[in-house]
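A closer look at the structure
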Amino acid sequence: MSLKINIIKDKLLSDNYFILRNFTYELTRSNGEVVRHKREVYDRGNGATILLYNRDKNTVLLIRQFRMATYVNGNASGELIETCAGLLDNDTPEDCIRKEAVEETGYQVGPVEKLFEAYMSPGGVTEIVHFFAAEYSDAMRTHEGGGVEDEEITVLELPFPEALAMVKDGRIRDGKAIILLQHAQIAGWLKA
């Protein structure tokens, strides 16, 4: 059974970098009761992320960059260790992640595998993230990486067991990275 949704108000609050809207809507529950909600919804577009891994070296490539939202929420340095990722803009998810991999890590990847897609913060953000994985080798490195123009990105090549330990002890707190590292562990791509 589908829920019945009746949008009462859709008010644009901000169209600065992304779009923030305020919705008032009525939701008809399964028992017939109608409840009214007010919610702000942040539309930043959809994104893609990729775990780059090397079976021979038992390593993964991650990045470190400043994230203002984490800084505001108690991350003293504001830096976050993440998987390579970016917004789709007008690209397909695969084209986006290939471009981001080169810009952020300096690696031109070969075949990529689409794993799944997920809403990462459905309580208030519209974004769907497309998750990918690909193997990398030293021969695929075309430059140092580091991002574009206004980005300050550090490329980290980590032994897989160390990356998993960093999740456990809190040094890796990015949801995308945690999901992809655990997926790699479950899939048995690398030795934990």
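Our structure is the block above this text.
Residues numbered from 1 in each chain as written. Predicted model: local features only at pLDDT ≥ 70, side-chain atom pairs only at ≥ 80, totals over all residues. Heavy atoms only, no water.

Section: the packing of aromatic side chains
- Applying the stated criterion across every chain, the model contains six aromatic pairs.
- Arranged with centres 5.8 Å apart and planes meeting at 90°, the rings of phenylalanine 18 and tyrosine 42 form a pair that is edge-to-face. Here the residue phenylalanine 18 occupies a position in the loop between β1 (4-15) and β2 (19-28), and tyrosine 42 occupies one in strand β3 (residues 34-43), the gap between them amounting to 24 residues.
- One aromatic cluster is present, formed by Tyr17, Phe18 and Tyr42 through successive ring pairs.
- Between arginine 44 and the ring centre of phenylalanine 18, over which it is positioned, the NZ or CZ distance is 5.2 Å. (Phe/Tyr/Trp six-rings, centres within 6.5 Å; stacked < 30°, edge-to-face > 60°. Helix = DSSP H or I, 4+ residues; strand = E, 2+ residues; numbered from the N terminus. Lys NZ or Arg CZ within 6 Å of the ring centre and 35° of its normal.)

Let's talk about the packing of helix α3 (residues 160-169) against helix α4 (residues 175-187)
- Two numbers describe how α3 lies on α4: the axes approach to 10 Å, and their chain directions differ by 130°. Classified by the angle between their axes, α3 and α4 sit oblique to one another. Crossing hand, α3 versus α4: left-handed. Counting all contacts with α3, which are made through Phe160, Ala163, Leu164 and Val167, the residues of α4 involved are Ile178, Leu181, Ala184 and Gln185. (Axes fitted to C-alpha atoms, helices over the stretch in contact; angles between N-to-C directions. Parallel < 35°, antiparallel > 145°, perpendicular 65-115°, else oblique. Left-handed = near helix turned anticlockwise from the far one by under 90°. Contact = heavy atoms within 4.5 Å.)

Some points on helix α2 (residues 93-105)
- In this model α2 runs 17 Å from its N-terminal to its C-terminal C-alpha over 13 residues, within 8% of the 18 Å that 1.5 Å per residue would give.
- Listing the buried residues of α2 in full gives Cys96, Ile97, Glu100, Ala101, Val102, Glu104 and Thr105.
- For α2, the secondary structure elements touched by its buried residues are β4 (47-54), β5 (59-66), β7 (84-87), β9 (128-135) and β10 (154-159).
- One or two steps after α2, the chain reaches glycine 106, where phi turns positive at roughly 85°. (Expected span 1.5 Å × (residues − 1). Buried < 20%, exposed > 50% of the residue type's maximum accessible area, 1.4 Å probe, protein only.)

Quick look at the side chain of asparagine 22
- Topologically, asparagine 22 is positioned in strand β2.
- Look past the residues within four positions of asparagine 22 in its chain and what remains in contact with it is Lys9, Asp10, Lys11, Leu13, Lys38, Arg39 and Glu40.

Examining the sheet that holds β2
- Across the sheet, which stays open at both edges, the three strands sit in the order β1-β2-β3 with antiparallel pairing between neighbours. The sheet is open, and its two edges are formed by β1 and β3, each paired on a single side. If you compare each strand with its neighbour and ignore which way they point, the axes differ by 15° on average.
- Examined bridge by bridge, β1 and β2 share ten bridges and lie antiparallel to one another. The residue bridging lysine 4 from the neighbouring strand is threonine 28, located in β2. (Pairing = 2+ DSSP bridges.)

Observations regarding the pairing of β5
- The buried fraction of β5 is high, at six of eight residues.
- Note: β4 against β5, three bridges, orientation antiparallel. Residue pairing for β5: tyrosine 53 is matched across the bridge by valine 60.
- What sits between the antiparallel neighbours β4 and β5 is a turn of four residues, in which asparagine 58 has the positive phi angle 60°.

Some points on α3
- Restricting attention to buried positions, one finds in α3 the residues Phe160, Ala163, Leu164, Met166 and Val167. Here the buried residues of α3 occupy an arc of 155° about the axis, which is enough to place them on one side.
- Looking at the packing, one finds that the buried side of α3 touches β5, β6 (79-82), β10 and α4.
- Directly beyond the C-terminal end of α3, a positive phi value near 90° is found at glycine 170. (Arc of directions from axis to C-beta.)

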